[in-house]
Each structure stands twice: as C-alpha cells, then as structure tokens.
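Structural overview
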Amino acid sequence: MKNIAILGSTGSIGTQTLDIVREQGDLRVWALTAGKNIELLEKQIREFRPKFAAVWEEDDAKRLRLMVSDLPVQIASGMEGLIEAAVIPESEILVTAVVGMIGLRPTIAAIRAKKSIALANKETLVTAGHLIMPLADEYQVPILPVDSEHSAIFQALNGEKGNRIHKILLTASGGPFRGRKKEELKQIRVEDALKHPNWSMGRKITIDSATMINKGLEVMEAKWLFGTDLDQIQVVIQPQSVIHSMVEYEDGSIIAQLGTPDMRLPIQYALYYPKRRPLSGERLDFYSLGSITFEQPDLDTFEGLRLAYQAAQRGGNMPTILNAANERAVAKFLDHKITFLEITQIINECMLHCKYLEQPNLDEILDTERSVYEWIESRW
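So, here is what we can say about the structure in this document.

Reading the values: rules and limits
- Residues numbered from 1 in each chain as written.
- Predicted model: local features only at pLDDT ≥ 70, side-chain atom pairs only at ≥ 80, totals over all residues.
- Heavy atoms only, no water.
- Helix = DSSP H or I, 4+ residues; strand = E, 2+ residues; numbered from the N terminus.
- Rg over C-alpha atoms; globule rule 2.2 N^0.38 Å.
- Buried < 20%, exposed > 50% of the residue type's maximum accessible area, 1.4 Å probe, protein only.
- Contact = heavy atoms within 4.5 Å.
- Areas by Shrake-Rupley, 256 points an atom, 1.4 Å probe, with all protein chains shown as cover.
- Lys, Arg positive; Asp, Glu negative; His and termini not counted.
- Charge placed at Lys NZ, Arg CZ, Asp CG, Glu CD.
- 1 Å grid on protein atoms, 1.4 Å probe; cavity = no way out; pocket = protein on both sides within 12 Å on 5 of 7 lines; lining within 4 Å.
- Points joined across faces, edges and corners; volume = space filled by probe spheres on them.
- Nonpolar A, V, L, I, M, F, W, Y, C, P; charged D, E, K, R; others polar.
- Axes fitted to C-alpha atoms, helices over the stretch in contact; angles between N-to-C directions.
- Parallel < 35°, antiparallel > 145°, perpendicular 65-115°, else oblique.
- Left-handed = near helix turned anticlockwise from the far one by under 90°.
- Pairing = 2+ DSSP bridges.
- Right-handed = clockwise from strand over helix to strand, strands pointing away.
- Phe/Tyr/Trp six-rings, centres within 6.5 Å; stacked < 30°, edge-to-face > 60°.
- Lys NZ or Arg CZ within 6 Å of the ring centre and 35° of its normal.

Points about the overall build of the protein
- From N to C terminus, the protein includes 16 helices and eleven strands.
- Expected size for 380 residues packed as a compact globule is a radius of gyration near 21 Å; at 20 Å, the protein falls within 12% of this value.
- If one aligns the C-alpha atoms of the protein with their principal axes, the spans along those axes are about 55 × 50 × 40 Å.
- Burial analysis of the protein (380 residues in total) assigns 57% to the buried set.
- Taking contacts inside the protein between residues at least 6 apart in sequence as the whole, the part at least 24 apart equals 69%.
- Counting every atom, the protein has about 16,700 Å² of accessible surface; 48% of that belongs to carbon and sulfur.
- Charge centroids of the protein, computed over 43 positive and 51 negative side chains, lie 3 Å from each other.

So, in structure tokens, the structure goes:
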C-alpha cells in the first residue's frame, strides 16, 4: 500500500490520479485539496475518506465542514491548508496538480518533510528551479515528472546513467491552430482555443497549448529536471501526439517513448516508479496510425514559445515575469476581456517593463508575481 496526498484533486490531473487510485486498489489517499469546486471535493472525500482536506477560501471551508460533518475529516483553508496537506505525516508521495505558483510553498514544505514529489505543477520549476532542485538534492527527495513529455524523457533516460545526453527532443502537438499564420489568429474565440485536437486538459493549460507558451514552460522545466543547457533542448512538432518526447545521446542514438495520449500513464508511472503496472485503456495500434510526422515550430506565429526561450536565457526572475503575465493574460482571455493575440502581447510588455532580479529568493519570486499582476491591471 502506497500513501499519497493530492494538491488540486478536482482538476484534470487530480481527477485522473484518483482514477488510478480506483483502478489499482493499493493507493491510500490521506489528503486532498481543491480551489473552489467543493461539490466535487465533497464527493471525493466521501469516496476516498482522506484524513485531511483543504480549500482556498475560508468561507468555502466552512461550507465544506457542514457538508462532511458526518465524516472524520479535518477541513482547512488557505496556504496553511495546502502546506498542511503537503506534509501530512502519513503520506509518502505528494502529487502537485495545482495550477500556478500557488504550488511553490507547499512543494518546498513537502521536500523538507522528505515526501517524494510527483510533479505536475510546472510553474514550480519554471519560476524557482534554482531553489527547488538543490533543495531536493539536499533532502534526497526524488522529483518524479508527471507531464507526459517530461515523463517520456525520464523513461528514455532509464538505464543510461553515465551516458551523456546530446539533445532532448521535446515534442509538441502544435495545438488547435497548428499551420495557421498570425493574421488568421486575430478573430480566435475562447471556444476555438479550447478545442485541443489530442489531449483532454484543464482550461488554462489548453489555452497555453494553443499559444504554445506551454511548450516554452516545458522547455524551462526540462532544463531543471534533467540538468541540461537550453541549447540542448529542441522542440519538435509531432501532430499525432504519439511520440511524447525523445533523448538523443552523444553517439547519435535516439530513444523515444511512445503511447496513446493518455495522462494516466505518466501519472501512474510516477506513483509506482520504478515499477510498471497494468493500465486500462487503448493501446497504440501502428497499423491504424499509419504514419508519424514531424514539423519545425513556427516562432513568428506562436510568439509565446520564442518569448519563453528568451526568458529562460535571461534567467533570474524573468521566467516568473513570463509565467505570471501569462497566467493573468490567459484568465483575461477566458473572461473575454482580451483577444487571443493580446496574450503574448501582454507577456512581451511585462518582460520589457517589469523589474528584473538576477538571483531572486522565494519571497522575491512571489513579490515579482504580485508586481506583474499589478502592472497588468493598471494597463489592461
């Protein structure tokens, strides 16, 4: 029996993690957290019987306490609640499935409590990789990637210890607007951007895939996870989403991880690493697939990817500026307050005008996020 806690249990990754709990039968859930979806959280509490649960707002926590008053579960709220869930003594693995920089403090607390980290919250490494990875080394805590691409790289590295990486080939589907030019994206509606061709994901990450900013964030995440230079990470468009990523070694050999686009596979791999377990669902059928194709990313049309490379090369708090600007811009787009192309326009403006710090500590990273939000609200 493995004991886990999940931050963000009502989101896409969180609910699929609980699908695995149902299917495998030997995972025990000790803590769950959610943002505002307390109705679904109540159902999860009743089904999985965690010892602890948390939501963000105290008013929601009060409602939830009444809803589950017949159960022996402690309900908390705010950052304190997230951190308490992250370090609950009974758990061995923390699944960080929250979206945004809200996952930073709980992840740091969990590392210090020597919990294994099943990492789906890419913002943790994008904004604070220079803090997180040394801390994980200090406490000898494994960071197990849950993103399909980083899991694929992780799997391609297995058994290759001591062999030098020449290049990481980070694959991308290209999103719903692959092949279009910038002029064609001026009238894109929210509902158009939410129609990803291959993956079922949350709203924010689906928009990030449509702008390809998500792939830029994944480049930064890969840099920290695998200790490579930026110029060793190459983005390759692979529209079928069958090859999830590849590693090229110094002898020219390339090892790829393939499978159907099913997020349960990398989640389960992280939870049971180094063992593989049976998993229900479709299997890859090469006869039906017919072909796998590759393209070069269009950095002029999908400017977000280019901006992410620039932020990563600058380092310091620039990735935080990019990430915070993107979070606020995507929220505005989903609320129909800005156009699709204004997402990257806002990111670019913030990168040009927000204060740069070369070696930010945790408080400065969080202050950067707040200052970016304030800058955007004052102008947009």
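Focus: the layout of surface pockets
- A volume near 600 Å³ is recorded for the second largest pocket.
- In terms of lining residues, the second largest pocket is bounded by 27 residues, among which P142, I143, F154, L225 and Y273 are the most central.
- Contributions of two or more residues to the lining of the second largest pocket are made by α6 (123-139), β7 (143-145), α7 (148-157), α10 (213-226) and α11 (264-272).
- Residue composition of the lining of the second largest pocket, grouped by class: 16 nonpolar, six polar and five charged.

Notes on the packing of helix α14 (residues 318-334) against helix α16 (residues 362-379)
- Axis separation between α14 and α16 bottoms out at 9 Å; the angle between their running directions is 45°. Taken together, the axes of α14 and α16 are oblique relative to one another. As α14 runs across α16, the sense of the crossing is right-handed. The segment α14 lies against α16, with T320, I321, A324, A325, E327, R328 and K332 engaging I365, T368, E369, V372, Y373, I376 and E377.
- Partitioned by chemical class, the residues of the contact of α14 with α16 number seven nonpolar, two polar and five charged.

Description of empty space enclosed by the protein
- Under the counting rule described, the total for this entry stands at two cavities of 30 Å³ or more.
- Of the pockets and cavities examined, the largest cavity occupies roughly 70 Å³.
- Contributing to the lining of the largest cavity are L185, T211, T301, F302, E303, F340, L341, I343 and T344.
- Within the lining of the largest cavity, the residues separate by chemical class into five nonpolar, three polar and one charged.
- Of the pockets and cavities examined, the second largest cavity occupies roughly 50 Å³.
- In terms of lining, the second largest cavity is formed by S148, S151, Q155, W199, H244, Q257, T260, D262, L265 and P266.
- Mapped onto the lining of the second largest cavity, the elements with two or more residues apiece are α7 and α11.

Describing the side chain of S91
- On the secondary structure map, S91 appears in the loop between α4 (78-86) and β5 (93-96).
- When its relative accessible area of 4% is taken as the criterion, S91 is described as buried.
- Discounting residues that sit within four places of it in the chain, S91 has contacts with N3, I4, A5, W30 and K115.

A closer look at the pairing of strand β3 (residues 52-55)
- Covered by surrounding structure in β3 are F52 and A54 together with A53 and V55, the residues of both alternating faces.
- Bridge count for strand β2 (residues 27-33) against β3 is three bridges, and the pairing is parallel. When the bridges of β3 are listed, T33 appears paired with A54.
- Where the polypeptide runs from β2 across helix α2 (residues 38-48) and back to β3, its parallel neighbour, the crossover connection is right-handed.

Concerning the sheet that holds strand β9 (residues 233-237)
- Spatially, β9-β8-β10-β11 is the arrangement adopted by the four strands of the open sheet, whose pairing is mixed. Of all strands in the sheet, those bounded by a partner on one side alone are β9 and β11 (254-258). Across the sheet, the mean angle from the axis of one strand to that of its neighbour is 20°, orientation sign disregarded.
- Contacting β8 (165-172), β10 (243-249) and β11, α7 runs over the sheet at an angle of about 40° to β10.

Overview of the sheet that holds strand β1 (residues 2-7)
- Here seven strands make up an open sheet; going across it, the order is β4-β3-β2-β1-β5-β6-β7 and the pairing parallel. With one partner strand each, in any of the chains shown, β4 (74-77) and β7 form the two edges of the open sheet. Geometrically, the sheet is characterised by an average inter-axis angle of 25° between neighbouring strands, direction not taken into account.
- Here β3 runs beside β4; their pairing, made up of four bridges, is parallel. If you follow A53 over to β4, its bridge partner there is I75.

Here we look at the packing of aromatic side chains
- Enumeration according to the criterion identifies five aromatic pairs in this entry.
- Where F333 meets F340, the ring centres are 5.7 Å apart and the plane angle is 65°; that geometry is what we call edge-to-face. Each member of the pair, F333 as well as F340, is classed as buried.
- Here the aromatic cluster, defined as three or more aromatic residues joined through ring pairs, consists of F154, Y269 and Y273.
- One cation-aromatic arrangement involves R277 over Y272; the distance from NZ or CZ to the ring centre is 4.5 Å.

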